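Single-letter residue listing:
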Amino acid sequence: MIFIGFGYLFHCPHCGEATYLALGTGNEYTVQNVFYGNPADPPLIKDFTTRQTYQKALEYLNQNGVPDTKLPGSYGHKIYYCPECRTLKVHFYFSIATEEKPWHPKYKCELCKEQLILAPGQRPGDDPEKFKLIGEDREVLRIHCDKCGKIYFATESGCTSKIHWE
Ligand SMILES: [Zn+2]
Ligand SMILES: [Zn+2]
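Owing to the predicted nature of the structure, the values given are computational and were not obtained by experimental measurement. (Residues numbered from 1 in each chain as written. Chains lettered and ligands numbered in written order. Predicted model: local features only at pLDDT ≥ 70, side-chain atom pairs only at ≥ 80, totals over all residues. Heavy atoms only, no water.)

Quick word on the overall build of the protein
Part 1 of the argument: A count of helices and strands for the protein gives four helices and ten strands.
Part 2 of the argument: Expected size for 166 residues packed as a compact globule is a radius of gyration near 15 Å; at 16 Å, the protein falls within 12% of this value.
Part 3 of the argument: Along the first, second and third principal axes, the C-alpha atoms of the protein reach 50 × 30 × 25 Å.
Part 4 of the argument: When burial is assessed residue by residue, the protein has 40% of its 166 residues classed as buried. (Helix = DSSP H or I, 4+ residues; strand = E, 2+ residues; numbered from the N terminus. Rg over C-alpha atoms; globule rule 2.2 N^0.38 Å. Buried < 20%, exposed > 50% of the residue type's maximum accessible area, 1.4 Å probe, protein only.)

Some thoughts on the coordination of the zinc ion (ligand 1)
Part 1 of the argument: Note on the zinc ion (ligand 1): its protein donors are Cys-82 (SG), Cys-85 (SG), Cys-109 (SG) and Cys-112 (SG). The metal-donor distances range over 2.1 to 2.3 Å.
Part 2 of the argument: Its four donor atoms give the zinc ion (ligand 1) angles of 107 to 111° at the centre, a pattern that matches the tetrahedral case.
Part 3 of the argument: Going along the chain, you hit the donors of the zinc ion (ligand 1) in the pattern C-x2-C-x23-C-x2-C. There is no split in this pair, since Cys-82 and Cys-85 are both buried. (Donors = N, O, S within 2.8 Å, 3.2 Å for Na, K, Ca; no water. Tetrahedral: all angles 85-135°; square planar, octahedral: opposite > 155°, others 65-115°.)

Describing the coordination of the zinc ion (ligand 2)
Part 1 of the argument: The zinc ion (ligand 2) binds to the protein through Cys-12 (SG), Cys-15 (SG), Cys-145 (SG) and Cys-148 (SG); the donor distances cover 2.3 to 2.4 Å.
Part 2 of the argument: If you look at the zinc ion (ligand 2), its four donor atoms make angles of 104 to 115° with each other, and the shape they trace is tetrahedral.
Part 3 of the argument: Donor residues for the zinc ion (ligand 2) sit on one chain with the sequence pattern C-x2-C-x129-C-x2-C. Of the two residues, Cys-12 sits in the loop between β1 (5–11) and β2 (18–24) while Cys-148 sits in the loop between β8 (142–144) and β9 (151–153), which places them 136 residues apart along the sequence.
Part 4 of the argument: Since its relative accessible area comes to 4%, Cys-12 is described here as buried.

Remarks on the pattern of salt bridges
Part 1 of the argument: Throughout the structure, instances matching the rule amount to five salt bridges.
Part 2 of the argument: Ionic pairing is found between Asp-68 and Lys-70, a salt bridge with its closest N-O pair at 3.8 Å.
Part 3 of the argument: The salt bridge involving Arg-86 is made with Asp-137; its shortest N-O contact spans 2.9 Å. Taken as a pair, Arg-86 in the loop between β4 (76–81) and β5 (88–93) and Asp-137 in the loop between β7 (117–118) and β8 lie far apart in primary sequence, 51 residues in all. (Salt bridge = Lys/Arg side-chain N within 4 Å of Asp/Glu carboxyl O.)

This is the structure we're talking about:
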């Protein structure tokens, strides 16, 4: 597993507020740290997901579930979008192989309660630095400004900088 942390910075055309999307994995994101933790620290997925999702993940891990870490980008902070309002959201993606089918966390849009979809270019094995600002149906994705509450097209504002983090 190669740890690559990077982010994209966008600026709201209405109020200038920056929205930073931090993606990928930092240097501390080993399989041990992310899924199992150590005596001093709980697993990172405890902080990165909802309590419910964390409980479910623990259940699978305790029943012989194995984290799927084969492909680059098998876990990490990734971009999701809402099929209804089209806004982007960053959530922690991971997958656990169980006796039935692989399980991965599901996230909902805070605005419309729809289940979020992984953005194109964000699946395990995809080049993690290439995501597209359009959905699978070719519709443009949007950014919800936390400051003024307005929604703008990600492509119009464009990404102003790309930042690496560790
Ligand atoms: Zn929505
Ligand atoms: Zn704004």
